[in-house]
Amino acid sequence: AAVRQDGCALRYACEALRGDRETALAALAQNGAAVEFVALLLREDAAFMSEALVANSGRHRELALAVVSLDGRALCHASPALQADFDLVLAAVTQSWSALAFAAEELRANREVVASAVAQRGTALQWAAMALRGDRDLALAAVSQDGLALEFVADELRHDRGLVLAAV
């Protein structure tokens, strides 16, 4: 009951309860800052951490950062404000290129964020802002990583012989 009133009360619980899924989830649902008191075994469990982010309604930054560092795709459970947080989104796309699909529109227009995703999978370009799809260097990186990314390159670059040759 204590962790339902104040999630950070988990710090005073024994190690066994800090590692108890139900207790830890209750604490994190109440206050995402309690993540630092959750047993390491649970903090390293991507499925548990994603569940915790959902239970917390994706509103606590430290919890969200811990979760997306384990599984970037969990960005889909973060609040819109956190989906617009540069550091959080960069951590998510660094862990999983597909997290770019859940980033706020302004971060899909950020070259550093998009480049991080494209470096892992060229087809991540599909979620980039149109202006970045027309960036030759970024498009070249994308098609060099995966030729199928040519589908998502801006039309004007599809006439670029060097770019097309890099894709095939």
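In this report, the structure presented in the accompanying data block is examined. The structure presented is a predicted model; accordingly, all values stated were derived computationally and were not measured. (Residues numbered from 1 in each chain as written. Predicted model: local features only at pLDDT ≥ 70, side-chain atom pairs only at ≥ 80, totals over all residues. Heavy atoms only, no water.)

The helix and strand inventory of the chain stands at 13 helices and 0 strands. Counting helices and strands in the order they occur from the N terminus, the chain gives α-α-α-α-α-α-α-α-α-α-α-α-α. Relative to its length of 168 residues, the chain is extended, with a C-alpha radius of gyration of 19 Å against a globular reference of 15 Å. Referenced to the eigenvectors of the C-alpha coordinate spread, the extents of the chain come out at roughly 65 × 25 × 15 Å. The buried share of the chain, reckoned over its 168 residues, is 47%. Taking as baseline every contact in the chain between residues at least 6 positions apart, the subset at least 24 positions apart corresponds to 41%. Positive and negative charge centroids in the chain, built from 15 and 22 side chains respectively, lie 2 Å apart. (Helix = DSSP H or I, 4+ residues; strand = E, 2+ residues; numbered from the N terminus. Rg over C-alpha atoms; globule rule 2.2 N^0.38 Å. Buried < 20%, exposed > 50% of the residue type's maximum accessible area, 1.4 Å probe, protein only. Contact = heavy atoms within 4.5 Å. Lys, Arg positive; Asp, Glu negative; His and termini not counted. Charge placed at Lys NZ, Arg CZ, Asp CG, Glu CD.)

Attention now goes to helix H3 (residues 21–30). Those residues of H3 that fall on the buried side of the exposure criterion are Thr23, Ala24, Leu25, Ala26, Ala27 and Leu28. Those residues of H3 hidden inside the fold are in contact with helix H1 (2–5), helix H2 (15–18), helix H4 (40–43), helix H5 (46–55) and helix H6 (61–70).

The next subject is the pattern of salt bridges. Overall, the coordinates contain 9 salt bridges when judged by the stated rule. For the salt bridge of arginine 61 with aspartate 87, the shortest nitrogen-to-oxygen distance reads 3.7 Å. Highlighted residues: arginine 61 in helix H6 and aspartate 87 in helix H8 (residues 86–95), separated in sequence by 26 residues. Among the residues examined, arginine 61 registers a relative accessible area of 28% and is labelled partly exposed. (Salt bridge = Lys/Arg side-chain N within 4 Å of Asp/Glu carboxyl O.)

Counting 54 residues, the largest nonpolar core has Leu28, Phe48, Leu63, Leu75, Val93 and Leu100 as the members making the most contacts within it. In terms of residues, this core owes the most to one element, H8, which gives 6 residues. In this structure leucine 75 touches Val68, Leu82, Gln83, Leu88, Val89, Ala92, Ala99, Phe102 and Ala103, once residues within four positions along its chain are discounted. (Core = buried A, V, L, I, M, F, W, Y, C linked by side-chain atoms within 4.5 Å.)

For aspartate 135, the location among the structural elements is in the loop between helix H11 (130–133) and helix H12 (136–145). Distance from aspartate 135 to glycine 58, taken between C-alpha atoms, is 33 Å for residues 77 residues apart in sequence. Setting aside residues up to four positions removed in sequence, aspartate 135 forms contacts with Arg111 and Leu157. One polar contact links the side chain of aspartate 135 to the main-chain amide nitrogen of aspartate 137, over a distance of 3.0 Å. (Polar contact = N/O pair within 3.5 Å; in protein donor to acceptor, adjacent residues only side chain to side chain.)

Turning our eyes to something else, we now look at the environment of alanine 1. Examined against the element boundaries, alanine 1 turns out to sit in the segment before H1. The class of alanine 1 is exposed, set by a relative accessible area of 77%. For the pair alanine 1 and alanine 26, spaced 25 residues apart in sequence, the C-alpha separation works out to 8.9 Å.

It is worth spelling out the state of the cysteines at this point. Following the criterion strictly, the structure yields 0 disulfides and no others. Cysteine 14 supplies the cysteine sulfur nearest to cysteine 8, a cysteine that is in no disulfide, at a spacing of 17 Å. Residue classification places cysteine 8 among the buried positions, given a relative accessible area of 13%. Look at cysteine 14 and you get partly exposed, because its relative accessible area is 44%. (Disulfide = S-S within 2.5 Å.)

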